[in-house]
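Descriptive structure summary
What follows is each chain in one-letter form.
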Amino acid sequence: MINSKHEKLVKRASYASVVTAVILLCSKLFVWFATGSSSILASLTDSFLDIGASIINLFAIRYALEPADESHRFGHGKAESLAGLVQSAFIVGSSILLMLHGISALLDPQPIVRSELGIAVSIFALLLTFILIRYQTYVVAKTASVAIKADSLHYKSDLWLNATVLIALSLSAYGFYWVDGLATILISCYILYSAYEIGMESIQTLLDHELPAEDITKITAIVENTENVLGLHELRTRQSGYMRFIQFHIELDDHLTLIHAHAIADNVETNLLREFANTEVLIHQDPISIVKKKND
């Protein structure tokens, strides 16, 4: 069962993401009307995508945090991955349109008016995005939320995006007008690659991909180092939203009583939950002689 502190932190981080995206969208929209900059339009498009992604994330997180019910015995965690697929499809379409606009601006470069406004909003975007990322990093450290981690990675890419826009506007102010269109194309390519990463990660989660190798190593070490456990096999893991699922067989002495074997399994589960919060553990107990016969 997820604790209330985890839920509050994750929800606050998702709200902060939406508010940040709205503030940046409004400021960039004003500056784009004032300057006509192609790279500002690229950054504006990305902020629009941020709002869509953050709102989808917000609703997906709220749904994913719902406890398991009679129709969804394993919870609703995969709503996050479904939201990721929707986000990636939306981003792909927008980035292609953005690339076409950048090609047009590169072939027919135009002077940028009031470039100082674009430079100012880019600096503002860098600072605000940095503050949001710091808070998201704190939340991920406390909750290990997959959705917030993905959102944080997206905003980290925004730091590079806004830095690119800042450089493009600064060079355009000195007559290098073609840089504005080139920056737009580069940004659209980067957004397209980000969409690919989001989509692939979502697909892997929906396909019940194993936990990372370092987690598998930790799980194996914890189980094997628990007193009276002689070995383990058939380890299977997966992630669904904030929940991890771990199942495996432990190998025990043939002559243990059922109560003793159950106590050992409880110790294994307790040790795992100390290291991995928000995890459901399923353990099957095998007599060591049966395991040896199967392996012979």
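Each value, and the rule that gives it
Residues numbered from 1 in each chain as written. Predicted model: local features only at pLDDT ≥ 70, side-chain atom pairs only at ≥ 80, totals over all residues. Heavy atoms only, no water. Pairing = 2+ DSSP bridges. Helix = DSSP H or I, 4+ residues; strand = E, 2+ residues; numbered from the N terminus. Axes fitted to C-alpha atoms, helices over the stretch in contact; angles between N-to-C directions. Contact = heavy atoms within 4.5 Å. Buried < 20%, exposed > 50% of the residue type's maximum accessible area, 1.4 Å probe, protein only. Right-handed = clockwise from strand over helix to strand, strands pointing away.

The strand order across the open sheet built from three strands is β1-β2-β3, with neighbouring strands paired in mixed fashion. Pairing within the sheet leaves two strands with one partner each, and these edge strands are β1 (231-240) and β3 (279-287). With strand direction ignored, the average angle separating the axes of adjacent strands in the sheet is 10 degrees. On top of the sheet, helix α8 (residues 258-275) reaches β2 (243-252) and β3; it is set at about 145 degrees to β3, its chief contact. Along the sheet, helix α9 (residues 288-295) makes contact with β1, β2 and β3, crossing β3 at roughly 80 degrees.

This next bit is on the pairing of β2. Along β2, nine of the 10 residues are buried, which leaves the element largely enclosed by surrounding structure. Sheet topology note: the β1/β2 ladder contains eight bridges and is antiparallel. For Thr237, the partnering residue across the bridge sits in β2 and is Ile246. Sheet topology note: the β2/β3 ladder contains nine bridges and is parallel. Within β3, the position partnered with His249 by the bridge is His284. Between the parallel elements β2 and β3, the chain passes through α8 in a crossover that is right-handed.

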